[in-house]
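Take a look at the letters that make up each chain.
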Amino acid sequence: MERQKRDGKIYRHRLPTRVWHWVSAVTIFVMLGSGLMILNAHPHLYWGQYGANYDHPWISFSRFPGWATIPSTYNLALARRWHLTFALLLAFGLLLFMLVSLINRHFQRDLRIRAHEVAPRHLWHDMKQHLAFRFHDPANPGAFNILQKLSYAAVIFVLLPVLIGTGLTMSPGIDAAWPWLLDLFGGRQSARSIHFIAAALIVLFIIVHLTLVILAGPIREVRAMITGWWKIPEGEDA
Amino acid sequence: MSRLFTRRGVTTGLIAGAGGLLSGCDALGRNETFRKILYSGDDANRTLQRLVSDRNALAREYAAPEMSPRFRTNGTRNPNTDAYNALAANDFADWRLNIGGLVERPLNIGIDRLRSLPARTQITRHDCVEGWSAIGKWTGPRLSMLLDAARLKPEARYIVFHCADRYRGGTVPYYESIDLIDAFHPQTILAWAMNDAPLSVGHGAPVRLRVERQLGYKHAKYVMGIEAVASLAGIGGGKGGLWEDIAGYDWYAGI
């Protein structure tokens, strides 16, 4: 499918993609802040089915500071209200985005990873291009490069589903309904640990993502994610 | 709201900008309308969970080697009221459980009678709202057996547990409530033994509720009375439990 082009701009992000992007930006921000506050109630993580004060955590934190938590002062009840309400938006938002992106072929067209792209030589080439701050294939500037595809696919198809699955495993009600979740993640406390690790990887993704947006031209990139139209950088031809 | 966002964002850079958004979240959390939206997640999550769960779906039961080596206590470790201390001094021989409210036949039974009833023993995981879990073995009669004996009136919708421990300087008694789906669930028991020994004071002697598909604060300790009601509005602060009233915890703690 050909992309629409007009006055040196490409129609790069369709409406469902843009809506999901911004809804997720807000939702993930809330989930990270409220999640850290919930972790403050018992800042120790364990492996296995059980884990409490007399057991051995694999990692312990001192309390996360108020600038990183929602709400900013200790309130487990309110943090849970934020987390468990926005969790619905995150989970059903992702589900809807996945369905729409299969139907409008966003996944097949923009995120499909082809065998030649993951060949070591191609990955190495792409890495070097990144280090030289060249993020677009001049021959096809609207397409995602392979590192982009891999990181977006990791977030959409691995990290977010793992966060949702491990989140559900922490619910005693869901564990009764779907006990296989406990087997899949190795117990409630393992699920809690995996939930934290996946959230930390999301933070890493956000840092890299924002850094690359700034390097690639923040106005052009943010405008594209709002209007859908992405201005082709000078010297690159569509 | 937006003025707050921009002012903070401009003055204090990226990290503090996130902090500004977060304090915006604090302001939102105090806003009455937004709070209603946040709190609606409780009902939504309960409805969704009930939609995907069989009403008798069982919480996982574990094997003896999977039990926590040591099961921590939490909340009240000892009610320490004169009335409770008197009961404890006598090994709860004088404790009476009153089952009343919207029932045809109110019951009043002692600890020996309760211990002589057919009991269920289950090794289950106790999940605290704080995040930790401990696995222990619980023994006691099914709540449904007692409710059947007392015969609920048709208008009964909730079962309330009145407890001996008090909060806020001894002024507010602990209480909790569950709906009839959880009250009649096969694993909902009045536990008088834990790990093959009589329930200790730290864990809720002489009797605590086990409602295995919900978080720890629903598992009322030091149970003194059980009341069937049509509505939770008239009890305590009206939100169905002490922590729900004073701290804003969700009434449905299946998540």
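On a predicted model such as this, the values are computed, not experimentally measured, just so you know. Every chain begins its residue count from 1, and numbering advances along the sequence as written. Key to labels: chains lettered from A, ligands numbered from 1, both in the order written. Since the coordinates come from a predicted model, pLDDT governs what is reported: local features require at least 70, and pairs of side-chain atoms require 80 or more to be given and counted, while whole-chain, interface and lining totals use all residues. The side-chain values count all of the structure's non-hydrogen atoms but skip hydrogen atoms and water molecules.

*Asks:* What is the right way to look at the overall build of chain B in this model?
*Replies:* When you go through chain B residue by residue, the secondary structure sums to 7 helices and 11 strands. Over its C-alpha atoms, taken along the principal directions, chain B stretches across nearly 70 × 45 × 40 Å. Each of the 255 residues in chain B was classed as buried or not, and the buried ones make up 52%. Throughout, a residue-residue contact means that at least one pair of heavy atoms, one from each residue, lies within 4.5 Å. Across chain B, every contact between residues at least 6 apart in sequence was considered, and the portion connecting residues at least 24 apart equals 67%. For chain B, the centre of its 32 positive side-chain charges and the centre of its 26 negative side-chain charges are spaced 3 Å apart. A run of DSSP states H or I qualifies as a helix once it reaches four residues; a run of E qualifies as a strand once it reaches two. Both are numbered from the N-terminal end. Only protein chains enter the accessibility calculation, which uses a 1.4 Å probe. A residue is then buried if its area is under 20% of the maximum for its type, exposed if over 50%, and partly exposed in between. We score Asp and Glu as negative and Lys and Arg as positive, and we do not count His or the chain ends. All charge positions are set by atom: Lys at NZ, Arg at CZ, Asp at CG, Glu at CD.

*Asks:* Quick question: what am I supposed to make of the sheet that holds strand β2 (residues 107-110) of chain B here?
*Replies:* Residue and element names in this part refer to chain B. If you walk across this open sheet you meet the 5 strands as β2-β1-β11-β5-β6, and the pairing is mixed. Looking at strand neighbours, the two that pair on one side only are β2 and β6 (172-179), the edges of this open sheet. Pairs of neighbouring strands in the sheet enclose a mean axial angle of 20 degrees, with direction left out of account. Pairing between strand β5 (residues 158-167) and strand β11 (residues 223-229): 6 bridges, direction antiparallel. Within the sheet, the bridge partner assigned to H162 lies in β11 and is G225. Here, a strand pair is defined by DSSP locating no fewer than two bridges between the strands. Working convention: axes come from line fits to C-alpha atoms, limited for helices to the stretch in contact. Angles between N-to-C directions cover 0 to 180 degrees.

*Asks:* Looking at this structure, how should I read the domain arrangement of chain B?
*Replies:* A common way to state how big an interface is: give the accessible area lost once the parts meet. Marked domain ranges trace back to an automatic or database domain assignment. One can read the domain layout of chain B as domain 1 (2-51) and domain 2 (60-247). Using C-alpha coordinates to define each centre, domain 1 of chain B is positioned 35 Å away from domain 2 of chain B.

*Asks:* What should I look at first to understand the pairing of strand β3 (residues 120-127) of chain B in this one?
*Replies:* One face of the sheet, then the other: side chains in a regular strand alternate in exactly this way. All names here are of chain B. By the criterion of burial, β3 is predominantly enclosed, with 6 of the 8 residues buried. When β3 meets strand β4 (residues 133-140), the two strands line up antiparallel, connected through 8 bridges. Its bridge partner lying in β4, R120 is registered against G140. Between the end of β3 and the start of β4, which pair antiparallel, lie 5 residues, with G131 showing a positive phi angle near 125 degrees.

*Asks:* Teacher, can you tell me more about the UniProt feature "domain: Cytochrome b561 bacterial/Ni-hydrogenase" (unreviewed entry) in chain A here?
*Replies:* If you check UniProt for "domain: Cytochrome b561 bacterial/Ni-hydrogenase" (unreviewed entry), the listed places come out as residues 12-228 of chain A in our numbering. The span residues 12-228 of chain A is 68% helical and 2% strand by assignment, and the distance between its end C-alpha atoms comes to 6 Å. UniProt positions are given in the numbering used here, feature names are shortened, and annotations may be inferred rather than shown by experiment.

*Asks:* Got a minute to help me understand the nonpolar core in this structure?
*Replies:* Note on soluble globular proteins: their nonpolar side chains tend to be buried together. Grouping buried Ala, Val, Leu, Ile, Met, Phe, Trp, Tyr and Cys residues that are joined through side-chain atoms within 4.5 Å yields what is termed a nonpolar core. Among the nonpolar cores identified, the biggest contains 60 residues, and L97, L114, F161, L190 and I226 of chain B are the most heavily contacted of them. Sort the elements by how many residues they give to this core and β5 of chain B lands first, with 5 residues. Not counting residues within four places of it along the chain, the set of residues in contact with L114 of chain B comprises W95, L97, I109, P141, L146, W192 and V207 of chain B. Formed by 17 residues, the second largest nonpolar core is a distinct cluster that contains I28, F144, L160 and A199 of chain A.

*Asks:* So what exactly am I meant to see when it comes to empty space enclosed by the protein here?
*Replies:* Sizing a probe to match a water molecule and rolling it over the atoms shows the empty space that remains. Using a 1 Å grid laid over the protein atoms alone, points where a 1.4 Å probe fits but cannot get out form a cavity; open sets with protein on both sides within 12 Å along at least 5 of 7 lines form a pocket; any residue with an atom within 4 Å of a point counts as lining. Grid points are joined across faces, edges and corners, and a volume is the space filled by probe spheres set on the points. Throughout the structure, instances matching the rule amount to 2 cavities of 30 Å³ or more. The space that makes up the largest cavity amounts to roughly 70 Å³. In terms of lining, the largest cavity is formed by P172, D175, A176 and L182 of chain A together with A59, R60, Y62, R125, D127 and E212 of chain B. Those elements giving two or more residues to the lining of the largest cavity turn out to be α6 (172-177) of chain A together with β3 of chain B. Top element by residues in the lining of the largest cavity is α6 of chain A. It accounts for 3 residues. Among the residues forming the lining of the largest cavity, the class breakdown is 5 nonpolar, no polar and 5 charged. Volume-wise, the second largest cavity comes out at about 40 Å³. Along the walls of the second largest cavity sit G173 of chain A together with Q49, R50, S53, R213 and Y252 of chain B, which together make up its complete lining. When grouped by side-chain class, the residues that make up the lining of the second largest cavity number 1 nonpolar, 3 polar and 2 charged. Ten residues, namely Ala, Val, Leu, Ile, Met, Phe, Trp, Tyr, Cys and Pro, are considered nonpolar, four, namely Asp, Glu, Lys and Arg, are considered charged, and the remaining ones, Gly among them, are considered polar.

*Asks:* Got a minute to help me understand the interface of chain A and chain B in this structure?
*Replies:* Chain A puts 42 residues into the contact, and the matching count from chain B is 55 residues. Summing both partners gives a buried area of about 4,200 Å² for chain A against chain B, and 62% of it is carried by carbon and sulfur. Reported buried area values correspond to the accessible surface (1.4 Å probe) lost by two parts on association, with both partners' losses combined. Of all residues in chain A, Y50, Y54 and R81 of chain A bury the most surface against chain B, accounting for 17% of the area lost on that side. By convention in these notes, a salt bridge is any Lys or Arg side-chain nitrogen within 4 Å of a carboxyl oxygen on Asp or Glu. Taken together, chain A and chain B are joined by 6 salt bridges. Here D183 of chain A ties to R60 of chain B by a salt bridge, and the two come within 2.9 Å at their closest N and O atoms. Pairs of N or O atoms within 3.5 Å make up the polar contacts considered here, provided that, within protein, one atom can donate a hydrogen while the other can accept it, and that residues adjacent in sequence are counted only when both atoms are side-chain atoms. In this assembly, chain A and chain B are joined by 23 residue pairs in polar contact (both at pLDDT 80 or more). Take the side of chain A that touches chain B: its biggest share by element is 11 residues, from helix α2 (residues 76-103) of chain A. Taken together, the residues of the side of chain A that touches chain B break down into 25 nonpolar, 10 polar and 7 charged.

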